[in-house]
There are 2 protein chains.
Amino acid sequence: MTEPAQTAKVVFQPSGRRGTFAIGTPLLDAARSLGVYVESVCGGRGICGRCQVAVSEGQFAKEGLTSAADHLAGESEAESRYRSLRPLDPARRLSCQAKILGDLVVDVPTEAQTNRQVVRKRAEARAIEPKSAISLVTVRLDEPSMETPRGDADRLREAVAEKLAADQIALDSILLPKVQTCLRKGGWTVTAAVHRDGQQPAEIVALWPGEHIRAYGLAVDIGSTTIAAHLCDLASGRTVSSAGTSNPQIRFGEDLMSRVSYVQMNPAKLPDLTRTVREAINALVGKLVADVGAERSDVLDAVFVGNPVMHHLFLGIDPVELGGAPFALAVSDALHLKSRDLDLDLNTGANVYMVPCIAGHVGADAAAATLSEAPGKSDEMTLLVDVGTNAEIILGNKDRLLAASSPTGPAFEGAEISSGQRAAPGAIERIRIDRETLEPRFKVIGLDEWSDEDGFADKIDQVGVTGICGSGIIEAVAEMYLCGLITEDGVVNGAMAERTRRIVANGRTFSYLIANEDIEISILQTDIRAIQLAKAALYAGVKLLQDKLGTDRIDRIRLAGAFGSYIDPTYAMVLGLIPDCPLEGISGVGNAAGTGARMALLNTGHRREVEETVRTIEKIETALEPKFQEHFVNAMAFPNKVDPFPNLRNAVALPDRSQATATPGADDGRRRRRRRG
Amino acid sequence: MTEPAQTAKVVFQPSGRRGTFAIGTPLLDAARSLGVYVESVCGGRGICGRCQVAVSEGQFAKEGLTSAADHLAGESEAESRYRSLRPLDPARRLSCQAKILGDLVVDVPTEAQTNRQVVRKRAEARAIEPKSAISLVTVRLDEPSMETPRGDADRLREAVAEKLAADQIALDSILLPKVQTCLRKGGWTVTAAVHRDGQQPAEIVALWPGEHIRAYGLAVDIGSTTIAAHLCDLASGRTVSSAGTSNPQIRFGEDLMSRVSYVQMNPAKLPDLTRTVREAINALVGKLVADVGAERSDVLDAVFVGNPVMHHLFLGIDPVELGGAPFALAVSDALHLKSRDLDLDLNTGANVYMVPCIAGHVGADAAAATLSEAPGKSDEMTLLVDVGTNAEIILGNKDRLLAASSPTGPAFEGAEISSGQRAAPGAIERIRIDRETLEPRFKVIGLDEWSDEDGFADKIDQVGVTGICGSGIIEAVAEMYLCGLITEDGVVNGAMAERTRRIVANGRTFSYLIANEDIEISILQTDIRAIQLAKAALYAGVKLLQDKLGTDRIDRIRLAGAFGSYIDPTYAMVLGLIPDCPLEGISGVGNAAGTGARMALLNTGHRREVEETVRTIEKIETALEPKFQEHFVNAMAFPNKVDPFPNLRNAVALPDRSQATATPGADDGRRRRRRRG
């Protein structure tokens, strides 16, 4: 017998995050140290049951590593007690109790990942005038008679049409077998849900005996990472419940392009990618309707947005053409579909409206964000940016609107960064570096206290310091620049090692150590390069659109998406991520795509609006524009050499002008309240 | 051990016909003696393999009778040789070889029943101006470019719309995943099948790379007994193949009302009735496309007609409301559906048009027959009759058109008649009784010779004399009346027993013996009563509509359906089945419902026409009309006392005026040629 290893490798699915842990480490701790979010309410006491995980085979085994349940310690007393009291799938373990004995692949079930995500893709408060595609109409029919032998369904269609003063109303054929029983059960009074949407033929899509008053709709933003779904009351326009979940397609590739490659290599697996996202949506719907005590059959309409790859995969369309020039969309116009044709478990007659895509890299999510922020309705020159693996950029005003996509890569999301991770508990999201001592202080997601505040030391063990997320990286690099730790060209200044032990040599480059508690978190030279490439791409895209419009002026900047909502605009400007703009004109707009989806759900006028916008918006393909490369190269420095940045210089002392340290975004308390509100 | 029985009971499915046979009887002979049609080409030599049957468990076993394969003798030499040479399902036996050893339930497979049926529901020759719902449009697209990032599907829709000078064209969502591969495979040239039908949104329903020229449509008449399907070339309007099959719903009830009762008693079985008819249609389509070397995917449009119960069952609608007053149809208007929603295996995008129903007892089949015969387009007063379990009656001209259904019962189809059977080989279909000798001569289906002609005796063993079908019964009763064997009131005249041994006493009534070869075939007093009830119902219905129209005049009579095509109009008039009319104005119009279905398939103008007819036709409910009973009672006699029947009296010597025997329909040779042509 060989000596048992003292450490073991663990991979968490679906994120794919992996690490090496001491034998005996509880899985929950291992997960947290990797920034893998697993819900836990009871503080690891084996009581709440929220931290369930499953030990699975998979990719890990393929790599030649063993993977078996006996690599996990047996049930603890607490776990056995839990199992005796409450239902627990035999294949599941409580991760706070289960200790690592050997190499493992661990599946984090969707429900354990859910809650956290909601925080970052919540429904933004927005009053939307309700004028949805669905009308509930209660009618009373005469009993059938031999004198008037017209079919019950036809008499129903007529009565409903009369009540709505509509010319003609069709009946979803799926209802044909239900009509007679429904009428008889309701004593000849029934409620019909009628779908009317622009040029689409008006149609009865659902039927209830007697009176029925509940009509819900579903608005979903299918992100590559997160799917956010909102349940809305179609009559009042209120969003009654929201939920999010990881996009389970992550199994097939972390980012968009790796999923496209996966389908290209495994064409037979396309249906799996489609099924997996539809199943996740069906699970979310289950949660949403349960939240408000409704039924799936009360969900009568749905709107979906997503980037082109998500849009195509959701529809079962091979996204392979989106993987290379000319990035041809299979379909870009708005679509009207039946939810059942997409295997969605809503009311069987429910319709689906797909918001149109703008171009091969500028999807229905960008179109929905444009609907939400309405740059085309204002005189003000507005820049709308949604940052993901690609940055989708909309620039213009009511006279002219341009759209482009810029290949920022995933650095802003914490990927390709040495200590990077997604926004999850334990991630550093904010950071300040003292201009004199060059010591950092930071804040992690999941804890209110900054690292230099009372209470931090006591509480940090609850979440750990697991990495640095997108907004944290922006602030870290910007602060390093403001402190003179990096030059305008983005080189970590090795000479500063004289002033602080946090500047460390790594071969020919230097890094800055932020924390070294659970794990070491440093900003490496390569991290700064990744950020520079990303921000230069974004900036060059904006600049290109400014060229096309012939203007330097930008009155408003709207930063959409989770990332856009959490970065500090001043830091973004310090880095040259966004062009100069009055600081008061910059704001994070949260999940603008989701808001746009809700608008399209709740008011069909907004559907016509987004269709018109997509028709008229001018699409600029950065890859076709020689000026893009030029702008890109010029935008690598901090802050961009090409611009005077007058607004920024008014707001913050930049290192090349002064060493005075007017910290941007000074009132941290106020900002925190807004962000957590 | 008990002595083996010398006879055994055998039940044939799906017809349910049963009989007792001597041990050792080949199954094929047993089937034929019961009028169960089993195809056989080789004359029982075990060569052709067409007579395959399966021994099954079933209803028989439920009745406590045993049922097992060992009740059948082992394979004959011929059968073993057949099995060694050609594929034969292990569960199948050649019925010409397999001999009965004990009680059995035998399943006659659909293919063994098929051919015979075609004869009786063939496509009538009819030139129909082709203007179908489907247009094939070949377009060439520009390759996609980054300058114009519109989706390929949207550019396709635009190109097709432009070519058709159409405002806007939708795309069946099922095609979304196909568009890009199709375009690339065709080198940017594709052919789209566009569905355009009145107010329906124009839609691309199918797509092929490059050029495609084949577009077929399907027209189906779903009868309670027989399903007849026609494959038509949508471009030329030609019917390229026709096929028929038994309606497998016969398992659930022989006639309409027993199927309705079955569903009422077994609501959970409704999907079985629906599935079974759809499967039969799918099998027919397979046969039709194979006939012409086409693919199922070439079938792009379909039209269905049927009586209200068949219509509802096909659509998956519970027909229970049609089983009792007020006979409320779930739906009567024309329907536009997707074939895939009906589980039909055509092109996945193919549409289905359901011809509208007129009333609870007057279905889409009657509407289609009305389209075919167009009484509403003529000045002439036309009576259109389709006889089945109910007689559907249309009367009128271009000024006014009335419809009714009359409860004839199944007597005209050979049911409820002691020696009655369906029209199948071995059934007596024509009969003449010598006015002097009172001896009958007859013709059976499957043999050209009359019973008194040379060759009959040699050949009759091939088919046997198994019973009497609808047209045979009409002629038998009419001839008996013309010979004075029955009185005007329908009583078999016992006094005639003095003149012929064929008049036989049965208790207090008498019967007439037609044949006694394989089995005894007689016309009993009860048979005559059944015919009287049926013909009185039909006549009373017609009379009621004449009352409503205020006319006695009838210029044309069109007898639709298999029955209507085979009865001799003069005999029908002798019986008082139809009212008096110039004999040259009477004709059988074959499967007028099927012809109407083909018209609706091939020309959308005909769809609007039948919709308009159904809207405007006046529906008369016989059950609500007190006059109906009065007419019914008055119509029991031969020929009806209430009418002078001047045309009939010109054509045939009726017994109450003369004993001279001017035989109606004298030129038998000419009629036979027409019928077999």
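Coordinates for the structure precede this section.
Notes on the structure in this doc start here.

The rules behind the values
Residues numbered from 1 in each chain as written. Chains lettered and ligands numbered in written order. Predicted model: local features only at pLDDT ≥ 70, side-chain atom pairs only at ≥ 80, totals over all residues. Heavy atoms only, no water. Salt bridge = Lys/Arg side-chain N within 4 Å of Asp/Glu carboxyl O. Helix = DSSP H or I, 4+ residues; strand = E, 2+ residues; numbered from the N terminus. Buried < 20%, exposed > 50% of the residue type's maximum accessible area, 1.4 Å probe, protein only. Phe/Tyr/Trp six-rings, centres within 6.5 Å; stacked < 30°, edge-to-face > 60°. Lys NZ or Arg CZ within 6 Å of the ring centre and 35° of its normal. Contact = heavy atoms within 4.5 Å. Buried area = accessible area lost by both parts, 1.4 Å probe. Nonpolar A, V, L, I, M, F, W, Y, C, P; charged D, E, K, R; others polar. Core = buried A, V, L, I, M, F, W, Y, C linked by side-chain atoms within 4.5 Å.

Residue and element names in this part refer to chain B. Taken as a whole and judged by the stated rule, the model has 78 salt bridges over all chains. Linking D154 and R157 is a salt bridge whose minimum nitrogen-to-oxygen distance equals 3.3 Å. Taken together, the residues D154 and R157, both in helix α5 (residues 152–163) and three residues apart, mark about one turn of the helix. Here D154 falls in the buried class, since its relative accessible area comes to 1%. Residue R157 is classed as buried on the basis of its relative accessible area of 15%. Here K543 ties to D552 by a salt bridge, and the two come within 3.5 Å at their closest N and O atoms. Of the residues examined, K543 reaches a relative accessible area of 12% and is grouped as buried.

All names here are of chain A. Using the criterion set out here, one finds ten aromatic pairs over all chains in the structure. Ring plane angle 85° and centroid distance 5.9 Å describe the contact between F442 and F456, whose orientation is recorded as edge-to-face. With F442 in strand β20 (residues 440–444) and F456 in helix α11 (residues 456–463), this pair connects stretches of sequence that are 14 residues apart. Judged by centre distance (6.3 Å) and plane angle (25°), the ring pair of F628 and F632 falls under stacked. With F628 and F632 both in helix α18 (residues 626–634), this residue pair falls four residues apart, about one helical turn. Here F632 falls in the buried class, since its relative accessible area comes to 17%. Across from the ring centre of W450, 4.6 Å away, lies the NZ or CZ of R441, which sits over that ring.

The next point concerns the interface of chain B and chain A. Contact residues are listed per partner, giving 41 residues for chain B and 41 residues for chain A. Regarding the contact of chain B and chain A, the summed buried area is about 3,300 Å², with carbon and sulfur atoms giving 59% of it. Linking chain B with chain A are six salt bridges, by the criterion used here. Two residues, D333 of chain A and R150 of chain B, come together in a salt bridge whose shortest N-O distance is 2.5 Å. Contributing elements (two or more residues each) for the side of chain B that touches chain A: α5, α6 (176–185) and β14 (335–338) of chain B. Of the residues that constitute the side of chain B that touches chain A, the class distribution is 21 nonpolar, seven polar and 13 charged.

Another point: the nonpolar core. If you look at the biggest cluster of nonpolar residues, it comprises 108 residues, and the most contacted ones within it are L218, I281 and F304 of chain B. The dominant element in this core, judged by the number of residues it contributes, is helix α8 (residues 270–291) of chain B, at nine residues. Once residues within four sequence positions are removed from consideration, F304 of chain B is found in contact with L218, V220, I222, I281, F314, L344, V352, Y353, M354 and V355 of chain B. Counting 107 residues, the second-largest nonpolar core is a separate cluster that includes I317, M354 and L401 of chain A together with A161 of chain B.

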